[in-house]
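# Architecture at a glance
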Amino acid sequence: YLANLRFPDAVVDSINARLESDCAMERDAIVATLRECPFARPHESWTLNVPMSWNPAGWPVFIYHLHALRARPTEAEVA
């Protein structure tokens, strides 16, 4: 979960670039953020409206299923 709503845009861009390049290298990952991430890599996305302490009516949380960039090595490949 990334609570990046109030981060400066330059910080958000840097985090997004890091998620794009380094997240879910060998295993799929789920990322939830308070700001949209413009992923270019294969992914599914959806939005949930989630109540927050500062907004009981709810705020959109952007959820991304990032697919692994490469397959995990098998036990035989590691040995």
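Residues numbered from 1 in each chain as written. Predicted model: local features only at pLDDT ≥ 70, side-chain atom pairs only at ≥ 80, totals over all residues. Heavy atoms only, no water.

## Some details on the side chain of Asn16
As for its position among the elements, Asn16 is in helix H1 (residues 9-22). Not counting residues within four places of it along the chain, the set of residues in contact with Asn16 comprises Glu36, Cys37 and Pro38. (Helix = DSSP H or I, 4+ residues; strand = E, 2+ residues; numbered from the N terminus. Contact = heavy atoms within 4.5 Å.)

## A closer look at the pairing of strand S1 (residues 29-33)
Of all five residues in S1, four are buried, a share of seventy percent or more. Pairing between S1 and strand S3 (residues 55-66): five bridges, direction antiparallel. Residue Ala32 lies in a different strand from S3, and its bridge partner there is Ile63. (Buried < 20%, exposed > 50% of the residue type's maximum accessible area, 1.4 Å probe, protein only. Pairing = 2+ DSSP bridges.)

## Things to note about the environment of Ala29
Here Ala29 shows up in strand S1. Ala29 gets classed as buried once you look at its relative accessible area, which sits at 18%. C-alpha of Ala29 to C-alpha of Tyr64: the two residues are 35 residues apart in sequence and 8.1 Å apart in space. Sequence-distant contacts of Ala29, defined by excluding residues within four places in its chain, comprise Cys23, Ala24, Tyr64, His65 and Leu66.

## Here we look at a nonpolar patch on the surface
Among the surface-exposed residues, Ile30, Trp46 and Leu48 lie close enough to one another that they form a single nonpolar patch of about 300 Å² accessible area. Looking at where Leu48 falls in the secondary structure, it is placed in strand S2 (residues 43-52). Given the relative accessible area of 42%, Leu48 is considered partly exposed. (Patch = residues over 30% accessible without salt bridge, like charges linked within 9 Å, V, L, I, M, F, W, Y side chains within 5 Å. Areas by Shrake-Rupley, 256 points an atom, 1.4 Å probe, with all protein chains shown as cover. Salt bridge = Lys/Arg side-chain N within 4 Å of Asp/Glu carboxyl O.)

Just distances and angles here, no functional claims.
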